[in-house]
Amino acid sequence: MKSVDRDLIRVALGQSPAKTAIVGGSIVDVFSGRLMKADVTIAKGRIAVVGDIDHTIGPETEIVDASGHTLVPGLIDCHVHPEVSKLSTNRFIDIALLHGTTSIMTGLDDFAVVGGLENVRLVLDYVQTTPFKIYYSPPSRLPYTTPASTIPRSLGAEEQKQALAWEETVGIWEYMIESIEELEQPVLDAANQLYETRRRPRGHLPLVQGLRLNVGVAAGARDDHESWSAEEVVEKLRFGVNVFLRKASGVDNIKDCIKVITEKGLPSGHISLCTDDVDCTDLTELGYADHLVRYAIELGVDPIHAIQMCTINPAKAYGLEHTVGSIAPGRAADMILVGDLPSFDIKQVFANGILVAREGKSMLNMEPPNYPPELLHTMHATRKITEEDLFLTAGEGARKAEVIVMHIEPSQLRTRRGMTLPVEDGRILPDPAQSVNYVTVTDRHSGELKSASAFISGFGLKKGAFATSLSPDDHNIICIGACVPDMVVAINRLLDLEGGQVVVADSSIVEEIRLPICGLMADISAEEMATKEHKMRNALFDMGVDIPRPFFTILFLSITAIPNWSITDQGLVNYDSREYVDPVLSWS
Amino acid sequence: MFWSSSPLLPDAVLCLGALEGCEDRSLLDQQVSCFRGENLLLLEEQETGGTMAYVDKDLIKVAQGKQPADVLVRGGKLVNVYTREVYLADVAIAKGRIAAIGDVGYCQRDSTEIIDAEGMYLVPGLIDSHIHPEVSKITITRMANAAVPRGTTSIMCALDQIGVVAGMEGMRSVLDEVKNTPLKIFHSCPSRLPYTTPASTIAHRFGPEEHDVAQDWEEAVGIWEFMSTSVVDFDEMVLGAADLALNRRLRLHGHAPVTRGKILSACVAAGMNDDHESYSAEELAEKMSLGVYSLIRRGTHSDNFPECIKAITEMGLPADRIALCTDDLDCMDIVELGLIDYIVRYTIRLGVDPITAIQMGSLHAAEAYGVDHMVGSITPGLIADILLVSDLEEFVVDAVIADGTLVARDRKMLAPIASPSYPEFFKGTVHLNQPITEKDLYLQVEQDAESANILCMHMDLTEGLLNRRRDVVLPVEGGRVLADPAQDALYISVTERHTGDGKTSSAFISGFGLQRGAIATSLSPDDDNIICVGASVDDMVVAINHLAKIGGGQVAVESGKVAADIPLPLCGLMADISAEEMAGQERALNEAAYELGTQLTRPFFFLIFLSITAIPEFAMTDMGLVSHETRAVIDPVLGLNGGQQ
């Protein structure tokens, strides 16, 4: 139950002493956009007074000297799927806090697909025991895939109703333009429930402009994290959409989109920054939301505006401005001490008034959530996968086949290429010389290992195979291979590992990461995970891969909401028709 | 939360054709028959009765081009309050809401009504971010007829005065009444009624129990007048109501006059969202830095603009957390100046660029109240409240589209909304079992005293409205302290009018300058008892009894006779007459007060606020003279001179 904190009022009035006082620094006033000299006092994890604080100091009050430093509100990542970092919740919180990121907005949809809503609750309960904050939005529906693929835990109206009663719940997640256009009643109903309870659906409007944007916004999608160009951002801003500019690992939309501010000079008040998906390589080398701030500054945004885009702007977009996003009375005492603004070098991080990181060292030592045992055994198989499961076949006597190849563009969008592939003993073969690999998705939830196969180009894989059990939106096993026998080894290895990611060449395991929690995450530090990511990547580079983040690109191949092709355990999916398409067109 | 307020305007007939492409023929038949006058009730129920879903399939279909738009506004230059751009854009409207913007020819069919906006700017309907509409003394339908054609299409209010007299049922009745007009009310529940401390006598209290019901109304957006004093005093009535509100994600709309430093921090820590009571740019800047939205006020009695606007024009602070409000307006101001349209003009005149002024009058208010998905901009999904303005600098509202219908031109409703019949409990609300006599009014001291040292309230208008202390020596005759117009020490009395007991308290006031006679009002926030100020106690008796006789109103009395009056028969607060008629009556009443010697141009607009205990430093209720500092009733008689002391 929320309530007016009487104790905090007492502290503000000087009737009882503050716990902590941060004195001598400047604060970034995100409301007026100014730097100002001010002291801050904290009680019960919240800010009590900003300004003249002498009346709140008692003999027990701990004094933090911030002279020569600037206090910035704790940063917010307003759209992220933290599971994609592959870190268990405790480890994710650790690296986030280290980088001054004290709140995230998420749907925990990847976790929910495998673990179900009751375990989302378990994670949220765990988070409440930490100074970190998750603002939650249950997925608009699970599976997101259209047509639906195999997942163990679907999520619909009933689960949403449960989640809407939670205090952390601020919306529904990925309110997709496709659901609106198709007038999907359960999704529209969920959006309405939110508006009735003064919350909003969190939109998903990729490449949506013109007529379609009218449709999405008229249906109440008033924020979005999927803009690809400055022109698209301008249109969305004009329609009152809160635009979250994304820099994910492997996808940087900020660089182009930020021009609405740096070149077009539009106001930044309805623009925020987010990562959406970030791997541990980026988290450890670049940082988290602090990197977004630095990056925006680097691209020419005024430092205070850059900070606003990771603090008050997202807080306001989510209706949370009384809770987080500023250094003001009543807000959570989430603050970063930085040396100077343009370089944004983090010296200390406070969350809920607790010093959680100092000079790049975490001050917390968190146990992982107490995941129930069944979430540690989520790779279900009643048998082993075989070559027969994976090979696409042509008719008897065929020597070559005409096929559809999904081609990965540098933008991550997928286009269609028509190709001719060799056929041997009825089996259509990949053609690494033409850069054509097999891509397969194997159901790992039901135990039946139903697999679908198609062809893909754009990775440059010349030999071997690699696979992942972390794969939004349905977290079946995606495997890409230049060699089908190696794919069989890779997929079977992931079954043995209880989930993870693996690189196989010449029938043996080259590198692997074990992800035993739901087949998505591991309880290892971000640094350890980053080291493994490097090894995996380098192994793939040695095998001919010529895109920078192959494991990040493979992850998303099952997302049917990305134009124009995707693949699930049910088959190759065309975005426009939302139907399965046989990748084998003909043979001769 | 979303509700419909589709007015039953004859103009709607123009759009009727729009339904011809509609799949649901029965609806069409129904509407046609209703305009033949056969089925009015049915339509009313259907169109205004229940909550409508925000996500509306019909709106989506119109945006997709699968169903026709009802109305298309063509050729206008859209003033975008998000990007601050101005560009040519057409607007397609369906079901009173904006379906699509831009190149929207695809939404048009033969049935679509075209509104030609060639050469005009399209500006979002304006929002008054804090107003007590009852203080204008006209019913909400009459207010709608005055406000909407001037461009104010939404108001944020609590209907607290209605609540004092007619309770929740009365508030609900007005909220239902306004649904039949193109005006939108976003409602906040009064933090507590009575607002007065110590509590004075009112007919209906509003406490946590009432909050628990009214906070669930579809119009609810927060609690109203979340007072700094309530925070400092840990007033559990108010903090308890705030707890309920926070759990519903409602906002706490503050009241923090001249509040800074630790008390301001305490209010913000308690959750105060906004405030409409800043008197200087420095005060506003301090509130802004703590995250408080500022609603700068220019009302009939209080103009904070010349000082507060400097936050923008001189300190260079951003305007995105600043909105505009009137708080209280009389009808002379409404008719002669306007509502938020006037403040937009005023803001421009004070050096703010027109687009920023418009943003403050629309989007910023909507954001401060968390209703930017409904009003405050011209974007898809919003209620189609659009002003046609020929010149941004001059900012004259030429025509008004409200709920998607062209309702007004040249500041006149094309078809004013007809008044409903008002409920019986709105009438006969001034209860006095016995007529008031001079005995009830005179301050009585010892028989043989010759004079008395009196703590006289002094209305100080130098910094807004404050009642300061002024000590005077007044003559005593036969134990009665006498008013002394020569030194501007007049009697002030408050007579309780809700229970019939007629409990009356008296004290003295200076600032009105009456040389003779008396003036009185039954509209008097915060408790709406009868306030009377007089140079003559005999005339005060006449004034108070006259108001009881006519069921409430305002009156000026000279030499035992009513010189002018305004009957306010509904709740003793309002009359069912137009703003123009009311303005005429106000002028006549003011003239009568001028005849009594007052130098105040709006004497009644000062009279009505003397019971507000939240205004420093003194107030007057039926309980007596109240000190703002001690929040206690004090004796205005400081000492006596002469006689046997």
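Residues numbered from 1 in each chain as written. Chains lettered and ligands numbered in written order. Predicted model: local features only at pLDDT ≥ 70, side-chain atom pairs only at ≥ 80, totals over all residues. Heavy atoms only, no water.

1. Comments concerning the overall build of chain A
Here's step 1: When helices and strands are tallied, chain A shows 18 helices and 33 strands.
Here's step 2: In terms of C-alpha radius of gyration, chain A reaches 25 Å, essentially the compact-globule figure of 25 Å for 588 residues.
Here's step 3: Considering only C-alpha atoms, chain A reaches an extent of 90 × 50 × 45 Å along its principal axes.
Here's step 4: Expressed as a percentage of its 588 residues, the buried residues of chain A come to 67%.
Here's step 5: The long-range fraction of contacts in chain A, counting pairs at least 24 apart against all pairs at least 6 apart in sequence, stands at 68%.
Here's step 6: Element-wise, carbon and sulfur atoms account for 49% of the exposed surface of chain A, whose accessible area totals about 18900 Å².
Here's step 7: A gap of 3 Å separates the mean positions of the 53 positive and 80 negative side-chain charges of chain A. (Helix = DSSP H or I, 4+ residues; strand = E, 2+ residues; numbered from the N terminus. Rg over C-alpha atoms; globule rule 2.2 N^0.38 Å. Buried < 20%, exposed > 50% of the residue type's maximum accessible area, 1.4 Å probe, protein only. Contact = heavy atoms within 4.5 Å. Areas by Shrake-Rupley, 256 points an atom, 1.4 Å probe, with all protein chains shown as cover. Lys, Arg positive; Asp, Glu negative; His and termini not counted. Charge placed at Lys NZ, Arg CZ, Asp CG, Glu CD.)

2. Considering the overall build of chain B
Here's step 1: When its secondary structure is counted, chain B shows 21 helices and 32 strands.
Here's step 2: Against the compact-globule benchmark of 26 Å for 645 residues, chain B has a radius of gyration of 26 Å, which places it among compact chains.
Here's step 3: In terms of overall dimensions, chain B has C-alpha extents of about 95 × 55 × 45 Å along its principal axes.
Here's step 4: Counting over 645 residues, chain B shows a buried share of 68%.
Here's step 5: Taking all contacts inside chain B whose residues are at least 6 apart in sequence as the whole, residues at least 24 apart take part in 69%.
Here's step 6: Roughly 19900 Å² of accessible area belongs to chain B as shown, and the carbon and sulfur atoms make up 49% of that amount.
Here's step 7: Across chain B, 48 positive and 93 negative side-chain charges occur, with their mean positions spaced 3 Å apart.

3. Description of the sheet that holds strand β4 (residues 39-43) of chain A
Hydrogen bonding along the main chain pairs the strands of a sheet, whether they run parallel or antiparallel.
Residues and elements named next belong to chain A.
Here's step 1: Read from one edge to the other, the open sheet built from four strands follows the order β5-β4-β1-β6, with strand pairing classed as mixed. A strand with exactly one partner marks an edge of an open sheet, and here the two such strands are β5 (46-51) and β6 (62-65). On average, each strand axis in the sheet is tilted by 20° relative to the strand beside it, whichever way the strands run.
Here's step 2: Contacting β4 and β5, helix α1 (residues 6-13) crosses the sheet at an angle of about 25° to β5. (Pairing = 2+ DSSP bridges. Axes fitted to C-alpha atoms, helices over the stretch in contact; angles between N-to-C directions.)

4. A closer look at helix α8 (residues 230-238) of chain A
Given 3.6 residues to a turn, an α-helix orients residues that are three or four positions apart in the same direction.
Here's step 1: Buried within α8 of chain A we find A230, E232, V233, V234, K236 and L237 of chain A.
Here's step 2: Phi for G240 of chain A, located one or two positions after α8 of chain A, is positive at around 80°.

5. Some details on the packing of aromatic side chains
Residues and elements named next belong to chain A.
Here's step 1: Here the structure, examined in full by the defined rule, presents 18 aromatic pairs over all chains.
Here's step 2: Ring plane angle 15° and centroid distance 5.8 Å describe the contact between F244 and Y318, whose orientation is recorded as stacked. One end of the pair, F244, is in strand β14 (residues 242-248); the other, Y318, is in the loop between α14 (312-317) and β17 (335-338), and 74 residues separate them in sequence.
Here's step 3: Joined through ring pairs, the aromatic side chains of F92, F132 and Y288 make up one cluster.
Here's step 4: If you follow R202 out to its NZ or CZ, it ends over the ring of Y318, 3.9 Å from the centre.
Here's step 5: Cation over ring: K247 sits above Y295, and NZ or CZ is 5.1 Å from the ring centre. (Phe/Tyr/Trp six-rings, centres within 6.5 Å; stacked < 30°, edge-to-face > 60°. Lys NZ or Arg CZ within 6 Å of the ring centre and 35° of its normal.)

6. Overview of the interface of chain B and chain A
Here's step 1: Taken together, the contacts link 70 residues of chain B with 63 residues of chain A.
Here's step 2: Interface of chain B and chain A: buried area, both sides summed, is about 5400 Å²; carbon and sulfur atoms make up 57% of it.
Here's step 3: Summed over the three residues of chain B that lose the most area to chain A, namely V55, F234 and R249 of chain B, the buried surface amounts to 13% of that side.
Here's step 4: Run the count over chain B and chain A and you get seven salt bridges.
Here's step 5: Among the salt bridges present, the one from D243 of chain B reaches R6 of chain A, with a minimum N-O distance of 2.9 Å.
Here's step 6: Put simply, the parts of the chain that give the side of chain B that touches chain A at least two residues each are α4 (57-64), β5 (97-102), α8 (228-232), α9 (236-247), α10 (261-270), β13 (272-275), α11 (281-289) and α17 (363-368) of chain B.
Here's step 7: For the side of chain B that touches chain A, a count of residues per class yields 38 nonpolar, 16 polar and 16 charged. (Buried area = accessible area lost by both parts, 1.4 Å probe. Salt bridge = Lys/Arg side-chain N within 4 Å of Asp/Glu carboxyl O. Nonpolar A, V, L, I, M, F, W, Y, C, P; charged D, E, K, R; others polar.)

7. Re the side chain of R602 of chain B
All names here are of chain B.
Here's step 1: If you trace the backbone, R602 turns up in the loop between α20 (579-595) and α21 (603-607).
Here's step 2: Only 2.5 Å separates the side chain of R602 from the side chain of D330, close enough to count as a polar contact.
Here's step 3: Those residues within four positions of R602 in sequence are excluded, and the remaining contacts are T300, D330, M332, D333 and N590. (Polar contact = N/O pair within 3.5 Å; in protein donor to acceptor, adjacent residues only side chain to side chain.)

8. Things to note about the packing of α1 of chain A against α10 of chain B
Here's step 1: At a minimum axis distance of 8 Å, the contact between α1 of chain A and α10 of chain B shows a crossing angle of 165°. Between α1 of chain A and α10 of chain B, the crossing angle belongs to the class labelled roughly antiparallel. Helix-helix and strand crossings are classified by hand; for α1 of chain A and α10 of chain B the assignment is right-handed. Contact residues: α1 of chain A offers L8, I9, A12 and L13 of chain A, while α10 of chain B offers K262, I263, S265, A266, A269 and A270 of chain B.
Here's step 2: Broken down by class, the residue content of the contact of α1 of chain A with α10 of chain B amounts to eight nonpolar, one polar and one charged. (Parallel < 35°, antiparallel > 145°, perpendicular 65-115°, else oblique. Left-handed = near helix turned anticlockwise from the far one by under 90°.)

9. What to know about the sheet that holds strand β11 (residues 220-227) of chain B
Residue and element names in this part refer to chain B.
Here's step 1: Spatially, eight strands are ordered β8-β9-β10-β11-β12-β13-β14-β15 in an open sheet, and the strand pairing comes out parallel. Among the strands making up the open sheet, the edge pair consists of β8 (126-128) and β15 (322-325). Strand after strand, the sheet turns through a mean of 30° between neighbouring axes, direction not considered.
Here's step 2: For β11 and strand β12 (residues 251-255), the ladder comprises four bridges, and the chain directions are parallel.

10. What about the environment of S129 of chain B?
All names here are of chain B.
Here's step 1: Relative to the helices and strands, S129 resides in the loop between β8 and α5 (140-147).
Here's step 2: Along the sequence, S129 and M360 sit 231 residues apart, while their C-alpha atoms lie 9.6 Å from each other.
Here's step 3: Among the polar contacts listed, one links the side chain of S129 to the backbone oxygen of L324, at a separation of 2.6 Å.

11. Section: the side chain of R6 of chain A
Here's step 1: In this fold, R6 of chain A is placed in helix α1.
Here's step 2: For R6 of chain A, the side chain forms a polar contact with the main-chain oxygen of V4 of chain A, separated by 2.9 Å.
Here's step 3: Within the structure, R6 of chain A has its side chain in polar contact with the side chain of D243 of chain B (distance 2.9 Å).
Here's step 4: Leaving out residues up to four positions away in the same chain, R6 of chain A has contacts with F234, E236, L239, G240 and D243 of chain B.

12. Examining the environment of T521 of chain B
Residues and elements named next belong to chain B.
Here's step 1: As for its position among the elements, T521 is in strand β25 (residues 518-521).
Here's step 2: Sequence spacing of T521 and I531 is 10 residues, and the spatial spacing of their C-alpha atoms is 5.5 Å.
Here's step 3: T521 has contacts with N529, I530, I531, L547, G553, Q554, L607 and I608, leaving out every residue within four places of it along the chain.
Here's step 4: Among the polar contacts listed, one links the side chain of T521 to the backbone oxygen of L523, at a separation of 2.7 Å.

13. Some thoughts on the packing of helix α15 (residues 340-349) of chain B against helix α16 (residues 354-361) of chain B
Residues and elements named next belong to chain B.
Here's step 1: With their axes 9 Å apart at the nearest point, α15 and α16 run at an angle of 145° to one another. Viewed along their axes, α15 and α16 form a crossing whose handedness is right-handed. Where α15 abuts α16, its residues I340, V344, T347 and I348 lie against P354, A357, I358, M360 and G361.
Here's step 2: Looking at the contact of α15 with α16 residue by residue, the class counts come to seven nonpolar, two polar and no charged.

14. A short note on the confidence of the model for chain B
Residues and elements named next belong to chain B.
Here's step 1: For chain B, the average pLDDT comes to 92, and 92% of its residues sit at 70 or higher.
Here's step 2: Considering only residues more than four positions removed or in separate chains, one finds that residues 4-50, a stretch of pLDDT under 50, has 68 contacts.
Here's step 3: Among the prediction metrics, the complex's ipTM stands at 0.95, with pTM recorded as 0.94. (pLDDT = per-residue confidence, 0-100.)

15. Digging into the pairing of strand β27 (residues 477-481) of chain A
Residues and elements named next belong to chain A.
Here's step 1: Counting buried residues along β27, five of its five residues qualify, which places the element largely inside the surrounding structure.
Here's step 2: For strand β24 (residues 436-442) and β27, the ladder comprises five bridges, and the chain directions are antiparallel. Pairing of T440 across the sheet is with C479, part of β27.
Here's step 3: Alignment of strand β26 (residues 465-468) against β27, held across four bridges, turns out to be antiparallel.

16. Focus on the pattern of salt bridges
All names here are of chain A.
Here's step 1: The full count for this structure, using the stated rule, is 68 salt bridges over all chains.
Here's step 2: In this structure, the salt-bridge partner of D224 is K236, at a minimum N-O distance of 2.7 Å. Taken together, the residues D224 in strand β13 (residues 223-224) and K236 in helix α8 connect sequence positions 12 residues apart. With respect to burial, D224 and K236 carry one shared label: buried.
Here's step 3: Taking the shortest distance from any N to any O, the salt bridge between D345 and K347 comes out at 3.2 Å.
Here's step 4: A residue is classified by how much of its surface remains accessible, and D345, at 26% relative accessible area, is partly exposed.
Here's step 5: One network of salt bridges, with partners in common, ties together D5, D7, R10, K44 and R46.

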